[in-house]
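Coordinate inspection notes
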Amino acid sequence: FIAVNCAALPSTLIESELFGREKGAYTGAISRQIGRFESADKSSIFLDEVGELSLEAQAKLLRILQEGELERLGSTKTIKVDIRVIAATNRNLEKAIKDGTFRRDLFFRLNVFPIDVPPLRERRSDIPILAWHFVSEFCDKMGKKIENIPRVTMEMMQTYEWPGNVRELRNVVERGMIMSKGSTLKATIPKIASFDNSQIITLAEAQRKHILKILERTGWRVRGKSGAAEILGMKPSTLESRMNKLGIKRMVNGTGK
């Protein structure tokens, strides 16, 4: 398995890094170098942050993705490789195509079996599991024993939008682990600023706004697969009780339902 961080590849060396070079291919090439694709023969290559490649670099990938063939820089010999290509990006490639920063033909060569990983704010039921996973990880590293995450802390974690996704959650847990002296995690959740930056809102107001947003997205379907309760990581009965407490009612023709 060969992993390549496309964002870290220098534009001047990308061809030799990916496809290899022969000795003397350019000034400073004092030896032969096997490229990443050739190293991944009979295996897999992971192109991380593929959306960061320049248009020139993108063009160089077309042949190997289509034909499984490459030539080392400075050589005319064609080398066949048998590889599985996995690519990842945090960019919206369809938008990048419209903006002219990503090649349409490369997109269709890569887009064989797409897997969309939703942001953490859209899979809030994962937050408790991830939080405890990170607690366990840092307990081992720091020699601490955390046995409890306060309910209000967990609710705030599930209300916060997490613009930094899982990495941000991990940082919050790590910071809390550093500050905690006993067996209870004392984590500070970033201020909830995504709803209304002009004023400070209470936790109840933030929860109400978020629950309403999820209900509108699911067509006010609380129960069942992909219903609001599942997305929020709550039991349907718990969500219905929370809705009553927060005064959330669906408006139909100007009346509450």
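Here, every reference points to the structure presented above.
Residues numbered from 1 in each chain as written. Predicted model: local features only at pLDDT ≥ 70, side-chain atom pairs only at ≥ 80, totals over all residues. Heavy atoms only, no water.

**Some points on the environment of alanine 187**
Looking at the secondary structure, you find alanine 187 in the loop between α8 (165-179) and α9 (203-217). For the pair alanine 187 and proline 150, spaced 37 residues apart in the sequence, the C-alpha separation amounts to 9.2 Å. Among residues more than four places away in sequence, those in contact with alanine 187 are Thr153, Met157, Val172 and Gly176. (Helix = DSSP H or I, 4+ residues; strand = E, 2+ residues; numbered from the N terminus. Contact = heavy atoms within 4.5 Å.)

**Some remarks on α9**
Relative to the 21 Å expected for 15 residues at 1.5 Å per residue, α9 spans 21 Å between its end C-alpha atoms, a close match to the ideal helical length. By the burial criterion, the buried members of α9 are Ala206, Gln207, His210, Ile211, Leu212, Ile214 and Leu215. Residues of α9 that are buried in the fold lie against α7 (151-159), α10 (228-232) and α11 (236-246). Of the residues one or two after α9, glycine 219 is the one with positive phi, at around 70°. (Expected span 1.5 Å × (residues − 1). Buried < 20%, exposed > 50% of the residue type's maximum accessible area, 1.4 Å probe, protein only.)

**Observations regarding the packing of α9 against α11**
At a closest axis distance of 11 Å, the pairing of α9 and α11 adopts a crossing angle of 125°. With respect to their mutual orientation, α9 and α11 come out oblique. Two packed elements cross with a definite hand, and for α9 against α11 that hand is left-handed. Contact residues: α9 offers Ala204, Gln207, Arg208, Ile211 and Leu215, while α11 offers Leu239, Arg242, Met243 and Leu246. In terms of residue class, the contact of α9 with α11 is built from six nonpolar, one polar and two charged. (Axes fitted to C-alpha atoms, helices over the stretch in contact; angles between N-to-C directions. Parallel < 35°, antiparallel > 145°, perpendicular 65-115°, else oblique. Left-handed = near helix turned anticlockwise from the far one by under 90°. Nonpolar A, V, L, I, M, F, W, Y, C, P; charged D, E, K, R; others polar.)

**A look at the pattern of salt bridges**
The final tally for this structure, using the stated rule, is 19 salt bridges. Two residues, glutamate 137 and lysine 141, come together in a salt bridge whose shortest N-O distance is 3.3 Å. Here glutamate 137 pairs with lysine 141, and both are found in helix α6 (residues 127-142), just four residues apart, close to one helical turn. A relative accessible area of 60% places lysine 141 in the exposed class. One salt bridge connects arginine 242 with glutamate 155, and the closest N-O pair in it is separated by 3.5 Å. Of this pair, arginine 242 sits in helix α11 while glutamate 155 sits in helix α7, placing them 87 residues apart in sequence. (Salt bridge = Lys/Arg side-chain N within 4 Å of Asp/Glu carboxyl O.)

**Points about the packing of aromatic side chains**
Here the structure, examined in full by the defined rule, presents four aromatic pairs. Summarising the aromatic geometry, the rings of phenylalanine 19 and phenylalanine 37 are spaced 5.7 Å apart at their centres and angled 15° between planes, so their arrangement reads as stacked. One end of the pair, phenylalanine 19, is in helix α1 (residues 14-19); the other, phenylalanine 37, is in helix α2 (residues 36-39), with 18 residues separating them in the sequence. On the basis of relative accessible area, phenylalanine 19 is assigned to the buried category, the value being 6%. (Phe/Tyr/Trp six-rings, centres within 6.5 Å; stacked < 30°, edge-to-face > 60°.)

**Details of the sheet that holds strand β1 (residues 2-5)**
Spatially, three strands are ordered β1-β4-β7 in an open sheet, and the strand pairing comes out parallel. If you trace the sheet from one side to the other, it starts and ends with β1 and β7 (83-87), each paired once. Across the sheet, the mean angle separating the axes of adjacent strands is 20° when strand polarity is ignored. Looking at chain direction, strand β4 (residues 43-48) and β7 are connected through five bridges and run parallel. Among the inter-strand pairings, isoleucine 45 is bridged to a residue of β7, identified as valine 85. (Pairing = 2+ DSSP bridges.)

**Describing the packing of α6 against α7**
When two helices pack together, their arrangement is given by the angle between the helix axes and the distance between those axes. At a minimum axis separation of 10 Å, α6 and α7 run at an interaxial angle of 120°. The angle between α6 and α7 falls in the class oblique. As for the relative orientation of α6 and α7, their crossing is right-handed in sense. Contact residues: α6 offers Ile127, Pro128, Ala131 and Trp132, while α7 offers Met154, Met157 and Gln158. Its residues assigned to classes, the contact of α6 with α7 comprises six nonpolar, one polar and no charged.

**Observations concerning α11**
Of the residues making up α11, those classed as buried are Leu239, Arg242, Met243 and Leu246. Buried residues of α11, viewed axially, fall in a sector of 105°; they line one side. Opposite its buried face, α11 presents the exposed residues Asn244 and Lys245, each directed more than 90 degrees away. The elements touched by buried residues of α11 are α7, α9 and α10. Immediately downstream of α11, the backbone of glycine 247 shows phi near 70°, a positive value. (Arc of directions from axis to C-beta.)

**Focus: the nonpolar core**
Among soluble globular proteins, nonpolar side chains are generally buried collectively. Formed by 26 residues in total, the largest nonpolar core has its most connected members in Leu18, Phe37, Leu47 and Leu61. Those elements that place two or more of their residues in this core are α1, β4, α3 (55-67), α4 (93-99) and α5 (104-110). At four residues, the largest contribution of residues to this core is made by α3. Ignoring any residue separated from it by four or fewer positions in sequence, one finds leucine 61 in contact with Leu18, Phe19, Phe37, Leu47, Leu53 and Leu106. In terms of nonpolar packing, the next biggest core, distinct from the first, is built from 21 residues, Ala131, Cys139, Ile149 and Leu169 among them. (Core = buried A, V, L, I, M, F, W, Y, C linked by side-chain atoms within 4.5 Å.)

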